[in-house]
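# Results of the structural survey
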Amino acid sequence: MSESGELIGPHADGIMEQVVDDELILYNPATESYFTLNRSAREVWELADGTMHAHEIALTLAERYGIASAALEADVAGIIESFREANLL
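Here the structure is a predicted model, which is why all the values come from computation and not from measurement. (Residues numbered from 1 in each chain as written. Predicted model: local features only at pLDDT ≥ 70, side-chain atom pairs only at ≥ 80, totals over all residues. Heavy atoms only, no water.)

### With respect to the nonpolar core
Convention followed: Here the nonpolar core consists of buried residues drawn from Ala, Val, Leu, Ile, Met, Phe, Trp, Tyr and Cys, with membership extended through side-chain atoms lying within 4.5 Å. The classification of residues rests on relative accessible area computed with a 1.4 Å probe and restricted to protein chains. Under 20% of the type maximum is buried, over 50% is exposed, and intermediate values are partly exposed. Numbered from the N terminus, helices here are DSSP runs of H or I no shorter than four residues, and strands are runs of E no shorter than two. Whether two residues are in contact is decided by their heavy atoms: any pair within 4.5 Å suffices.
Val44, Trp45, Ile57, Val76 and Phe83 are the most contacted members of the largest nonpolar core, which has 22 residues in total. Going through the elements one at a time, strand 2 (23-28), helix 1 (39-47), helix 2 (54-65) and helix 3 (70-85) are the ones with two or more residues in this core. Here this core gets 5 residues from one element, more than from any other, and that element is helix 3. The residues touching phenylalanine 83, leaving out its near neighbours within four places in the chain, are Leu37, Ala41, Val44, Trp45, Leu88 and Leu89.

Below you can see the structure in the form of structure tokens.
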């Protein structure tokens, strides 16, 4: 894979995190909004720290779970887009 595109992250300033069971609750004080991340979205969130491109996040998760990264690329891109729309990144 080529390293095209921008680095994903870092997280927006002031985002608060709380783990509840297998989910991660995020609070964005700038928008006064809460977000509940399931396990998949939580893993993307944790990797979206400004050091990797979207395809690298997909590759990392694919290696972690022993599946092809191409199978994850669209899902990872969708999660990242959701984070951006919610002003979390």
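Here the narrative resumes.
### So, the packing of helix 1 against helix 2
The condition is simple: All axes are obtained by fitting lines to C-alpha atoms, using only the stretch in contact for helices, and the reported angles, taken between N-to-C directions, cover 0 to 180 degrees. The labels follow the angle: roughly parallel below 35 degrees, roughly antiparallel above 145, roughly perpendicular from 65 to 115, and oblique for the rest. By definition, any crossing whose near helix is turned counterclockwise from its far helix by less than a right angle is left-handed, and any crossing with a clockwise turn is right-handed. Any residue that is not Ala, Val, Leu, Ile, Met, Phe, Trp, Tyr, Cys, Pro, Asp, Glu, Lys or Arg is counted as polar, Gly included; the first ten are nonpolar and the last four charged.
The geometry of helix 1 relative to helix 2 is characterised by a closest axis approach of 10 Å and an angle of 125° between their N-to-C directions. Considering the angle they form, helix 1 stands oblique to helix 2. Helix-helix and strand crossings are classified by hand; for helix 1 and helix 2 the assignment is right-handed. Counted together, Arg39, Glu43, Val44 and Leu47 of helix 1 and Ile57, Thr60, Leu61, Arg64 and Tyr65 of helix 2 form the full contact between these two elements. Grouping the constituent residues of the contact of helix 1 with helix 2 by class yields 5 nonpolar, 1 polar and 3 charged.

### Quick look at the pattern of salt bridges
Close approach of charged atoms lets side chains of opposite charge pair. Keep this limit in mind: One speaks of a salt bridge when a side-chain nitrogen belonging to Lys or Arg is within 4 Å of a carboxyl oxygen belonging to Asp or Glu.
Per the counting criterion, the structure on display carries 4 salt bridges. The partner of glutamate 6 in a salt bridge is arginine 84, with the nearest N and O atoms 3.1 Å apart. Of this pair, glutamate 6 sits in the segment before strand 1 (16-20) while arginine 84 sits in helix 3; the two residues are 78 residues apart in sequence, bridging distant segments of the chain. A residue is classified by how much of its surface remains accessible, and glutamate 6, at 52% relative accessible area, is exposed. Using a relative accessible area of 31% as the deciding quantity, one classes arginine 84 as partly exposed. Where salt bridges share partners, they join Arg39, Glu43 and Arg64 into one cluster.

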